[in-house]
Amino acid sequence: MAAATSGAVLNGLGSSFINGGKKSQALLAGTNRVTSSKKSVVVAALPPKKSWIPAVKGGGNLINPEWLDGSLPGDYGFDPLGLGKDPAFLKWYREAELIHGRWAMAAVVGIFVGQTWSGIPWFEAGADPGAIAPFSFGSLLGTQLLLMGWVESKRWVDFFNPESQSVEWATPWSRTAENFANATGEQGYPGGKFFDPLCLAGTIKDGVYIPDTEKLDRLKVAEIKHARLAMVAMLIFYFEAGQGKTPLGALGL
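- Going by the annotation in an unreviewed UniProt entry, the name recorded for the chain is Chlorophyll a-b binding protein, chloroplastic, with Citrus unshiu given as the source organism.
- A UniProt comment under Function (unreviewed entry) is attached to the chain, and it reads "The light-harvesting complex (LHC) functions as a light receptor, it captures and delivers excitation energy to photosystems with which it is closely associated."

Structural data, given as structure tokens:
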């Protein structure tokens, strides 16, 4: 039973759903795009690989893993455990890193703002009556299971079958699925008028959202850097909370 389940999961991760379209498959394969004809062959070269230890040139796969080609935003060749050797798993790990990083960034801001406003430590805010939004354990559990469970299940389905959730029945509060469609065509970066209302990575022309590839690439790198920093910060916050301390308290505020 366990073996069958594991096999199903691995088959799912390696399926065409997770690989998405031709653009994603080329990215996962780690190969250059080649256009050939009888007369010529055109090769689009990938940008130079960056290293997480620039001063060290050797080191083999520890410093410069062959399975990381520098095409992912924020890819500096850091994979000492070799978790990304399988292209399908690499795509899943990137998705997980991106989502966890976004939650961590929101949490860091919430922790500082919440304690500054109420004076209540973030790890006690859920039970303290003086908190900004006190919740009982039951209401918090229900919110997590129902609302978060619904959103995460839709994200999970969309990961294996891209754009399958931007339909009328999946977004009943919207008269059109256009607002929830993936405007950039890239997994994890939907863009569009709903997900990019300030048009930081695109423009709106005649009511149609047009992504700006240059801006989007720059924002992708900035986001993943801030996301990683926020995840490290949250790890530190957890250690501090175990000692009864808060980030503001550690700063003497």
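On we go from here.
Describing the overall build of the chain
And then number 1: Within the chain, the regular secondary structure consists of eight helices and four strands.
And then number 2: Helices and strands in the chain line up, N terminus first, as α-α-α-β-β-α-α-α-β-β-α-α.
And then number 3: Looking at the 253 residues of the chain, the share that counts as buried comes to 28%.
And then number 4: Residue pairs in contact within the chain that sit at least 24 positions apart in sequence constitute 47% of those at least 6 positions apart.
And then number 5: With the model as given, the accessible surface of the chain reaches about 16,500 Å², and the carbon-plus-sulfur share is 66%.

Structural notes on the UniProt feature "binding site: chlorophyll a" (unreviewed entry) in the chain
And then number 1: The positions that UniProt labels "binding site: chlorophyll a" (unreviewed entry) are, in the present scheme, Glu97, His100, Arg102, Glu223 and Arg228. On the basis of their most widely separated C-alpha atoms, the annotated residues across 132 residues gather in one place, lying no more than 11.9 Å apart.
And then number 2: Residue His100 is classed as exposed on the basis of its relative accessible area, which comes to 52%.
And then number 3: One polar contact links the side chain of His100 to the main-chain carbonyl oxygen of Ala96, over a distance of 2.7 Å.

Digging into the pairing of strand β4 (residues 208-211)
And then number 1: One ladder, built from four bridges, connects strand β3 (residues 202-205) with β4; its direction is antiparallel. Paired with Gly202 across the bridge in β4 is Pro211.
And then number 2: Connecting the antiparallel pair β3 and β4 is a turn made up of two residues, with Asp206 showing a positive phi of about 55°.

Here we look at the environment of Ile224
And then number 1: Residue placement: Ile224 occurs in helix α7 (residues 213-242).
And then number 2: Since its relative accessible area comes to 0%, Ile224 is described here as buried.
And then number 3: When sequence neighbours within four positions are dropped, the list of residues in contact with Ile224 reads Pro73, Gly74, Arg94, Glu97 and Leu98.

Cut-off values and rules
- Residues numbered from 1 in each chain as written.
- Predicted model: local features only at pLDDT ≥ 70, side-chain atom pairs only at ≥ 80, totals over all residues.
- Heavy atoms only, no water.
- UniProt positions renumbered as here; feature names shortened; annotations may be inferred.
- Helix = DSSP H or I, 4+ residues; strand = E, 2+ residues; numbered from the N terminus.
- Buried < 20%, exposed > 50% of the residue type's maximum accessible area, 1.4 Å probe, protein only.
- Contact = heavy atoms within 4.5 Å.
- Areas by Shrake-Rupley, 256 points an atom, 1.4 Å probe, with all protein chains shown as cover.
- Polar contact = N/O pair within 3.5 Å; in protein donor to acceptor, adjacent residues only side chain to side chain.
- Pairing = 2+ DSSP bridges.

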